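Structural characterization, general
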Amino acid sequence: MPATTDLPQVYLLDAMGLIFRAHYAFGNKPIFTSSGFNSTALYVLTNTLLDLIDKRKPTHLAMVYDTEAPTQRHEEYEDYKGQREEMPEDLAAALPHVRRLVEAFRIPTLELDGYEADDLVGTLAKRYAAEGATVYMVTQDKDFGQLVQEGIYIYKPSRMGDGVDILDAEAVTKKWDIARPEQVIDVLGLMGDASDNIPGVPGVGQKTAAKLLKEYDSVEGILDNLDKLKGKLKERMEENQDLARLSKKLATIDVAVPIDTKLEELVRQEMDAEAMQALCVEFEFNAIGRRLFGEGFKAGRGQGAVKKKVPAGEFDFGETEETASEPVAVVEADLKTIENTKHTYTAVTDAAGRKKLLTALNKAKSFCFDLETTSLDPKTCEIVGLAFALKKNEAFFVTFPEDQKEAAAILEEFRPVLEDAKKEKVGHNLKFDVSVLRWHGVIVVGPLFDTMLAHALVEPDQRHHMDYLAESLLGYTPVSITSLIGEKKSEQLSMREVPLEQLSDYAAEDADVTLQLRAKLEPLLKERGAEHVFYQIECPLLPVLVEMEYAGVKVDAGVLAEFSKQLEKEIARLEAAIYDIAGTEFNLNSPKQLGEILFDKLQISIAGTKPKKTKTGQYSTNEQTLTALAPHAEIVQHILDYREVSKLKSTYVDALPSVILEKSGRIHTTYHQVITATGRLNSTDPNLQNIPIRTELGREIRKAFVTPDSKHELLSADYSQIELRVIAALSGDEGMLEAFRAGTDIHATTAAKVYGVGLEEVTGEMRRKAKMVNFGIIYGISAFGLAQRLGIPRQEAGQIIDAYLQQYPKVANYMNETIEAAQKQGYVETVTGRRRYLRDINSRNQSVRSGAERTAINTPIQGSSADMIKIAMIDIAAAFEKEGLQSRMILQVHDELVFEVLKPEKEAVMAIVEEKMKNALPDLSVPIEVEMGAGTNWLQAH
């Protein structure tokens, strides 16, 4: 790789490749502005360009675009790129702004009708390299490998933090297993290129192409020596000679494009500070704005912004002598801040002040409160202060001393208002504050209004943190926490070290802003039909979760230690078995080495399929790939077992003892209500919902979850096949409903219907396949997906799905009707009215639309199931309190609830749990079954 020199360093950017890459960078978690504009492509591309300019210091830059005009390739092959779908609407809407962004960077743009960007890049790269420049082609496109030579390199930008990759001739030839980079064209001519719809020779893959080129050098050389080939390969090459020649021609980048752009026209210019700041404001790029314009930058909604002149040199964009004396016009956001908003924030530091505040709180029907603490762990943090807001732009911050006895005395003064069941409490991420108070002995009761939960129902797919909501809904930027305690975690202050005036303003502002957010969100809940879910499910569930987190679950570290030794022996056994079959030892945790052993040395494959490769050129050894191969090779099953056992040991068995809280001897997980748009709860710190249950070893971990003493038992209550029952109820399919009413095994029943046999003739293998379809249908499984999961041919998988839909016709009707309704109204709903908005349901891009359709089908099923167990939890907690029971609900894991039951209360608890779980959604026209068991540990109970 060349060192940086005084020679021109030219970067030619493949515009559309980079734009598409940027648009999909965050997968199914795109970035939206407060107005709902998908700004992902703009955000990622901006960071890519900034990183390129900052780190590589290019002397010359150009953004090279394709045009709409057809090229010679289209004339020679009508189907060239013909498989490409319409661009996603979100991306199409972003393209004009991408042009604005490139203009703000002052990067020249190049395009020419009749030629692709590849051709322009190839022509200019060859020309500039001949003139002595070092040229980097900024792209992810593999076709560019054919252009690499001394002075011309591929520059692959970082993706998801994987680092920049720069490919020279040696890297290209190694990647493709060829003698020289130009042979990339021949490889593509032989194997084809699905992304451009270049056909290639049927049945010839990269490995075969490389082998042929080693012997015959080029496509033409191979065709001149067809008599030397053998078997099927000879037949394929003889039958497809014209296709091979055409494919090579289509894959060849034209390096003689009539474009006369001189190198000096691409000299890197200063950024247009005014235009760039305007874009950061418009698209709410706070982080980028601060990176470029300093900590004082405030993004906004781009409306009503004002211009002002600031002294040149304030922004370091390498001003020249000619421009250094000129003032730069910049655009300021229209957002208000604490500095320009009239407010009254009061620090309450003495008994008289607290008394006055308490008088106001006692008169109020509703108030907002917010805690400041020494850490974000409710179990161990200390309270630094307590903020209250009763009306807009007015708030109070009660300071708590470091002495914990004095702090407890102050908290005691506020206990009555916090525990007053008649007063509504408002907060943002209220569960944290309620949890902290619970660990300090105060149980917050009364109606709750959590602005985070409200926004999660109003806009399920957007961000929900308070600063974002303040800017998007109130046009206000709150004081940032980092301005108080510092940016770097290692150097951050404790909240106790922040000066009182700053801390008081920060805390009071949080309470004030949250109170104002409540006023904005309350009507939106009504407008979006979310009031029932918010007031009857999410907010009442909040204190239930707090109590479960506080209760925790007893875990026996000794049991885990013994199990760890057992797993260590099992890992050693599996390693030995794998090495024995492989005939050599290798790094089992290296995908590269594993791929080479499985696919090069052992030649493992499923008939008619080639091993998949990742974008880095390595063989894919992910779980999906190995699961499909496992029935065909013993070593693959051993590898899957090795991975499972290793994960069990590291993630659970060895890790769980470290999170046992010393003062309680228990593990206290944290539940989250807003992580999934379907409404399912999530568990973290630690995640107890991912403890495996399907394998014998996974189940063993549950032995360590035990009762605290001999007076208690653990009770497990699990919904039986709840999602299938919900789909039966929603679709009204008589066949499915009848199976549930008769109490027969739904998977065996499905197998009997699909395979046309009697129930008694269903084999275990038939049931396994039917079970996969039963659950897969909910998630819109395709024939390809089912084939992979079951390790069967795609044709057989397609036949199974077709038979399923014929046997359960109303399930098919439900799916179609749900999609049609979603296309008309733009959302789907659960039984309780929880909505999921589907912005892509009418997309012209088939793959994007298909994803939205799968979401439309799945959300009412999964979401209704999630709401059902939430309602059950609320009702069970209320019944326990009403009956004065000491037994406690301690865990929620998917469709299962776990209770720590006082033995004399066991019958009463079981009756309450069964009744409340079965009747959580009483209008479902399907029997609900709850499986229950009890024991001294979780495994016994389950």
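Our structure's up above, just so we're on the same page.
Presented here is an overview of the structure given in this document. (Residues numbered from 1 in each chain as written. Predicted model: local features only at pLDDT ≥ 70, side-chain atom pairs only at ≥ 80, totals over all residues. Heavy atoms only, no water.)

So, on to the pairing of strand β11 (residues 383-391). Among the nine residues that make up β11, seven are buried, leaving the element largely enclosed by the rest of the structure. As paired elements, strand β10 (residues 366-373) and β11 share six bridges and run antiparallel to each other. The partner of Leu371 across the bridge, within β11, is Leu386. Bridge count between β11 and strand β12 (residues 394-399): six bridges; the pairing is antiparallel. Its bridge partner being in β12, Gly385 is matched across the sheet by Thr399. Connecting the antiparallel pair β11 and β12 is a turn made up of two residues, with Asn393 showing a positive phi of about 65°. (Buried < 20%, exposed > 50% of the residue type's maximum accessible area, 1.4 Å probe, protein only. Helix = DSSP H or I, 4+ residues; strand = E, 2+ residues; numbered from the N terminus. Pairing = 2+ DSSP bridges.)

This part is about the nonpolar core. Formed by 184 residues in total, the largest nonpolar core has its most connected members in Phe414, Leu418, Tyr719 and Phe899. Setting aside its immediate chain neighbours within four residues, Phe414 contacts Arg354, Leu357, Leu358, Leu361, Leu386, Phe388 and Val398. (Core = buried A, V, L, I, M, F, W, Y, C linked by side-chain atoms within 4.5 Å. Contact = heavy atoms within 4.5 Å.)

This part takes up the environment of Arg354. Residue position: Arg354 is located in helix α14 (residues 351-363). The sequence separation of Arg354 and Ile410 amounts to 56 residues, and the corresponding C-alpha distance is 8.7 Å. Once residues within four sequence positions are removed from consideration, Arg354 is found in contact with Val348, Thr349, Val398, Ile410, Glu413 and Phe414.

For any two helices packed against each other, the geometry is given by the interaxial angle and the distance between the axes. Relative orientation of the contacting elements helix α27 (residues 722-731) and helix α28 (residues 734-742) amounts to 130°, with a least axis distance of 8 Å. On the basis of the axis angle, α27 is oblique to α28. Remark: the crossing between α27 and α28 carries left-handed chirality. Here Leu724, Arg725, Ile727, Ala728 and Ala729 of α27 lie close against α28, whose contacting residues are Met736, Leu737 and Phe740. Grouping the constituent residues of the contact of α27 with α28 by class yields seven nonpolar, no polar and one charged. (Axes fitted to C-alpha atoms, helices over the stretch in contact; angles between N-to-C directions. Parallel < 35°, antiparallel > 145°, perpendicular 65-115°, else oblique. Left-handed = near helix turned anticlockwise from the far one by under 90°. Nonpolar A, V, L, I, M, F, W, Y, C, P; charged D, E, K, R; others polar.)

Read across the sheet, four strands follow the order β24-β25-β21-β26 without closing on themselves; strand pairing throughout is antiparallel. Of all strands in the sheet, those with a lone pairing partner are β24 (888-893) and β26 (930-935), marking the two edges. For this sheet the average axis-to-axis angle between neighbouring strands, irrespective of direction, equals 20°. Summarising the sheet, strand β21 (residues 712-719) and β26 pair through six bridges and their orientation is antiparallel. Each bridged residue has a counterpart across the sheet, and for Ser716 the counterpart in β26 is Gly933. Along the sheet face, helix α35 (residues 906-918) touches β21, β25 (896-902) and β26 and points at about 15° away from the line of β21.

The end-to-end C-alpha distance of helix α21 (residues 531-551) is 30 Å, a good match for the 30 Å that 21 residues give at a rise of 1.5 Å each. Along α21, the sharpest change in direction is near 30° and occurs at Leu542; proline Pro543 comes one to four residues later. (Expected span 1.5 Å × (residues − 1). Bend = angle between axes of the 7 residues up to and from the residue.)

Attention now moves to the pattern of salt bridges. It is possible for side chains bearing opposite charge to pair when their charged atoms get close. Applying the stated criterion across every chain, the model contains 46 salt bridges. For Asp895, the salt bridge is made with Arg680, and the minimal N-O distance between the two is 3.4 Å. Pair noted here: Asp895 is in the loop between β24 and β25 and Arg680 is in the loop between β18 (670-672) and β19 (682-684), with a separation of 215 residues, a long-range link. Since its relative accessible area comes to 17%, Asp895 is described here as buried. (Salt bridge = Lys/Arg side-chain N within 4 Å of Asp/Glu carboxyl O.)

Here Thr173 shows up in helix α6 (residues 169-176). At a separation of 2.9 Å, a polar atom in the side chain of Thr173 contacts the main-chain carbonyl oxygen of Glu170. Excluding residues within four positions of it along the chain, Thr173 makes contact with Ile178, Ala179, Arg180 and Pro181. (Polar contact = N/O pair within 3.5 Å; in protein donor to acceptor, adjacent residues only side chain to side chain.)

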